[in-house]
Amino acid sequence: MSTKIKKIGVFTSGGDSPGMNAAVRSVVRTCAYHGVECIGIYKGYEGIMNGEFEVMGPRSVKGIINKGGTILKSARSKEFRTKEGRKKAFQQLIKAEIDALVAIGGDGTFTGAMIFNEEFGFPVMGIPGTIDNDIFGTTHTLGFDTALNTVVEAIDKIRDTASSHNRLFFIEVMGRDVGHIALNVGIAGGAEEILIPEEDLGLDRLKESLNKSRKSGKSSSIVIVAEGDKIGKNIFELKEYVDENMEGYDVRVSVLGHMQRGGSPSCFDRVLASRMGVKAVESLIEGKTNYMVGLKNNAMELTPLHKAIKGKSKINLELLRVSDIMST
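Residues numbered from 1 in each chain as written. Predicted model: local features only at pLDDT ≥ 70, side-chain atom pairs only at ≥ 80, totals over all residues. Heavy atoms only, no water.

Structural notes on the overall build of the protein chain
Now for step 1: Looking only at helices and strands, the protein chain features 11 helices and 11 strands.
Now for step 2: A globule of 328 residues ought to have a C-alpha radius of gyration of about 20 Å, and the protein chain, at 22 Å, matches this closely.
Now for step 3: Once the C-alpha set of the protein chain is aligned to its principal axes, its extents read approximately 70 × 35 × 30 Å.
Now for step 4: Within the span of the protein chain, comprising 328 residues, buried residues form 52% of the whole. (Helix = DSSP H or I, 4+ residues; strand = E, 2+ residues; numbered from the N terminus. Rg over C-alpha atoms; globule rule 2.2 N^0.38 Å. Buried < 20%, exposed > 50% of the residue type's maximum accessible area, 1.4 Å probe, protein only.)

What follows is the structure, given as structure tokens:
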């Protein structure tokens with residue numbers, strides 16, 4: 001591989017998140033600023049193997065900073081997980097004279113980029129794009145802030161109905177392995193209880209909390225449940241438990257699902273995406289590779305991909321305490 005970066009490819013992979021388009025825009029325009037050609041790659045790793053490349057300039061990305069999803073599309077590729085598939089991808093990149101890659105996605109995307117770099121010595125740089133905020137090495141991933149705002153708006157509307165009918169609502173939010181979304185929106189939405197994977201509160205604690213709320217005079221309740229919470233097999237089992245063990249509750253369930261991923265990115269995510277794109281491109285130009293760009297102490301910093309993948313983002317213990325106090 002040439003040591004001088006003349007052409008950079010950018011792609012999005014895995015689940016989409018608000019801010020991905022803003023990050024693509026930043027990569028493309030930073031390349032243009034530094035006189036580096038930028039190639040948009042469609043459909044993630046699948047697109048690399050199939051040579052789905054398009055030259056992108058500053059005008060190619062006009063009007064996308066405010067759009068959710070990803071104009072480059074996203075796809076998960078089983079073939080790229082094989083050595084033959086990765087060799088095919090490498091040959092396509094060499095044929096197109098692409099010197100480096102910016103991969104926008106989550107830990108699966110970064111794992112693929114890291115292995116690809118190890119096998120072929122191909123320069124790669126990661127930008128964390130996932131609403132779960134479950135990547136080590138950054139306080140915020142792209143889309144996390146937008147998802148929080150989307151969920152809080154939904155909670156506010158559901159609370160109107162809960163209050164009008166004296167109902168208990170279990171609201172499930174995304175968070176298969178971590179409870180960052182649930183913990184933050186639970187506090188912001190005034191939830192009576194927040195159930196997350198990191199804290200196995202148990203059914204007895206849930207029952208105690210709901211009884212406490214009712215005795216304090218609350219006529220309706222909101223319980224936020226991260227999808228990875230371990231108390232019940234699923235949120236509907238929690239509803240059944242309350243129906244069977246606690247009288248006087250009219251229980252409803254709302255699963256917010258993929259609506260959390262969509263929508264126009266927040267100001268915070270647009271600025272974060274812009275900063276990350278600049279850092280990613282300039283780091284590659286400087287000769288750095290196999291890193292992820294992250295936000296730490298309001299500064300852009302690099303974390304080795306293997307640490308970003310294997311590390312575990314930690315729940316904010318202060319927020320747990322705040323949640324307990326606010327549910328009084």
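Digging into the pairing of strand S10 (residues 291-296)
Now for step 1: Judged from the two bridges that link them, strand S5 (residues 124-128) and S10 form a sheet pairing that is parallel. Within S10, the position partnered with Met 125 by the bridge is Tyr 291.
Now for step 2: When S10 meets strand S11 (residues 299-304), the two strands line up antiparallel, connected through six bridges. Bridge pairing in S11 links Tyr 291 to Pro 304. (Pairing = 2+ DSSP bridges.)

Points about the packing of aromatic side chains
Now for step 1: As enumerated under the stated definition, the model contains eight aromatic pairs in all.
Now for step 2: For the ring pair Phe 80 and Phe 116, a centre distance of 5.8 Å and an interplane angle of 40 degrees mean the geometry is tilted. With Phe 80 in the loop between strand S3 (53-56) and helix H3 (83-95) and Phe 116 in helix H4 (residues 107-120), the pair connects residues that are 36 residues apart, well separated along the chain. Neither Phe 80 nor Phe 116 differs from the other in exposure class; each is buried.
Now for step 3: Between Phe 90 and Phe 120, the ring centres sit 4.6 Å apart and the planes meet at 10 degrees, which makes this aromatic pair stacked. (Phe/Tyr/Trp six-rings, centres within 6.5 Å; stacked < 30°, edge-to-face > 60°.)

Some remarks on the domain arrangement of the protein chain
Now for step 1: For the protein chain, the assigned domains are domain 1 (7-143 + 265-310) and domain 2 (145-261).
Now for step 2: For domain 1 and domain 2, the distance between their C-alpha centres works out to 35 Å.
Now for step 3: Taken together, the contacts link 13 residues of domain 1 with 12 residues of domain 2.
Now for step 4: Together, the buried faces of domain 1 and domain 2 total about 1000 Å²; carbon and sulfur atoms form 52% of this surface.
Now for step 5: At the boundary of domain 1 and domain 2, one finds one salt bridge.
Now for step 6: For Asp 16, the salt bridge goes to Arg 261, with nearest N and O atoms at 4.0 Å.
Now for step 7: Inspection of the domain 1/domain 2 interface yields seven residue pairs in polar contact (both at pLDDT 80 or more).
Now for step 8: Looking at side-chain class alone, the side of domain 1 that touches domain 2 contains four nonpolar, five polar and four charged residues. (Domains from an automatic or database assignment. Contact = heavy atoms within 4.5 Å. Buried area = accessible area lost by both parts, 1.4 Å probe. Salt bridge = Lys/Arg side-chain N within 4 Å of Asp/Glu carboxyl O. Polar contact = N/O pair within 3.5 Å; in protein donor to acceptor, adjacent residues only side chain to side chain. Nonpolar A, V, L, I, M, F, W, Y, C, P; charged D, E, K, R; others polar.)

Brief notes about the UniProt feature "binding site: ATP" (unreviewed entry) in the protein chain
Now for step 1: Taken from the UniProt record, the annotation "binding site: ATP" (unreviewed entry) applies to Gly 15, Arg 76, Ser 77, Gly 106, Asp 107, Gly 108 and Thr 109. Across 95 residues, the annotated set stays spatially compact, with a maximum C-alpha separation of 14.1 Å.
Now for step 2: Looking at where Arg 76 falls in the secondary structure, it is placed in the loop between S3 and H3.
Now for step 3: On the accessibility criterion, Arg 76 (63% relative accessible area) is exposed.
Now for step 4: Residues contacting Arg 76, with those up to four places away along its chain left out, are Gly 14, Gly 15 and Glu 46.
Now for step 5: Discounting chain neighbours no more than four positions away, the residues touching Ser 77 are Tyr 45, Glu 46 and Met 49.
Now for step 6: Here Glu 46 takes part through its side chain, which lies 2.8 Å from a polar atom of the side chain of Ser 77. (UniProt positions renumbered as here; feature names shortened; annotations may be inferred.)

A closer look at the environment of Ile 115
Now for step 1: Secondary-structure assignment places Ile 115 in helix H4.
Now for step 2: Along the chain, Ile 115 and Leu 142 lie 27 residues apart, while their C-alpha atoms are 23 Å from each other.

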